[in-house]
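So you can see what is in the structure, the chains are spelled out below.
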Amino acid sequence: MGVPAENTRYSFADLLTWEEDGQMELLSGQVVMMAPPLRGHQEVSGELFRQLANFLEGKRCRVYAAPFAVRLFEAEGDAPEDVDTVVEPDITVVCDTGKLDKYGCKGAPELVIEVLSPSTRRHDRLVKLELYQRAGVAEYWLVDPENQSVQVLLLGKEGYLLPREDYGRRDIAKVNVLEGCFIELEKVFPEEK
């Protein structure tokens, strides 16, 4: 398939039939094409993934790097035609392995990390924040390579993802949903700006 048509509602079933090289997400039936990530974005994302994967080795939880399909609102018994929202976070941690299937994750992961880039900054801070909040993602990290910072948001009792911690490149960031897990940010952001 070529570029998806505007003003057409698509489902996960449509996404499964497309042979696209680029990364795309499906938000309430609308296709959002994403620019290829920059090298710096990939280095930051790769180091975060490496540290999480090392920590999780031999443990129940699983970590996935993009592209990895997360169907935030898929309910038990939904067919691919029923699913109209599919996101591809930069990093996804899933501890409830019952949510995993051959396509990715159905339902809210425990942790989602988005590495901000000029083309996704607004989208990650507004649109995706609202989606992750509504789906019940427990912890959301906004990682800013440009400012070498991490903002951690946690799902509160009222159902809102609220800012919990802000970290800089010299800090060690706590992963709240993974007991005993800490990320060395000097390795994530290795060069002083």
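Structure first, text after, so check above.
All values reported here derive from a predicted model rather than from experimental measurement. (Residues numbered from 1 in each chain as written. Predicted model: local features only at pLDDT ≥ 70, side-chain atom pairs only at ≥ 80, totals over all residues. Heavy atoms only, no water.)

### Looking at the pattern of salt bridges
Within this structure, the stated rule accounts for 10 salt bridges. E43 serves as the salt-bridge partner of R39, at 2.6 Å between the closest nitrogen and oxygen. Remark: E43 and R39 occur in helix α2 (residues 39-56); sequence separation between them is four residues, near one turn of the helix. The exposure class assigned to R39 is exposed, which follows from its relative accessible area of 64%. A residue is classified by how much of its surface remains accessible, and E43, at 46% relative accessible area, is partly exposed. When the shortest N-O distance is used, the salt bridge between R134 and E130 registers 3.0 Å. With R134 and E130 both in helix α3 (residues 121-135), this residue pair falls four residues apart, about one helical turn. (Salt bridge = Lys/Arg side-chain N within 4 Å of Asp/Glu carboxyl O. Helix = DSSP H or I, 4+ residues; strand = E, 2+ residues; numbered from the N terminus. Buried < 20%, exposed > 50% of the residue type's maximum accessible area, 1.4 Å probe, protein only.)

### Focus: α2
Its 18 residues give α2 an end-to-end C-alpha distance of 25 Å, which sits within 8% of 26 Å, the value for a rise of 1.5 Å per residue. Of the positions making up α2, those classed as buried are H41, V44, S45, E47, L48, Q51, L52, F55 and L56. With its buried residues spanning 165 degrees around the axis, α2 presents them on a single face. Packing partners of the buried residues in α2 comprise β3 (62-65), β5 (91-94), β8 (111-115), β9 (139-144), β13 (182-184) and α4 (185-188). Positive backbone phi, at 80 degrees, marks G58, one or two positions downstream of α2. (Expected span 1.5 Å × (residues − 1). Arc of directions from axis to C-beta. Contact = heavy atoms within 4.5 Å.)

### Describing the nonpolar core
Grouped together as the largest cluster of nonpolar side chains are 27 residues, with contacts concentrated most on L48, L52, V93, W141, V143, L178 and I183. Secondary-structure elements contributing two or more residues to this core are α2, β5, β8, β9, β10 (149-155) and α4. In terms of residues, this core owes the most to one element, α2, which gives five residues. Setting aside anything within four residues of it in sequence, one finds L48 in contact with I91, I113, V115, W141, V143, I183 and V188. Core analysis: the next-biggest nonpolar cluster, separate from the first, contains 18 residues, F68, V94, Y140 and L142 among them. (Core = buried A, V, L, I, M, F, W, Y, C linked by side-chain atoms within 4.5 Å.)

### Looking at the sheet that holds strand β7 (residues 104-106)
Taking strand neighbours across the sheet as the criterion, the three strands line up as β4-β7-β6 in an open arrangement whose pairing is mixed. Every other strand in the sheet has two partners, leaving β4 (69-71) and β6 (100-101) as the edge strands with one partner each. In this sheet, β7 lies alongside β4 in parallel orientation, the contact comprising three bridges. Note on β7: the bridge partner recorded for R71 is K106. (Pairing = 2+ DSSP bridges.)

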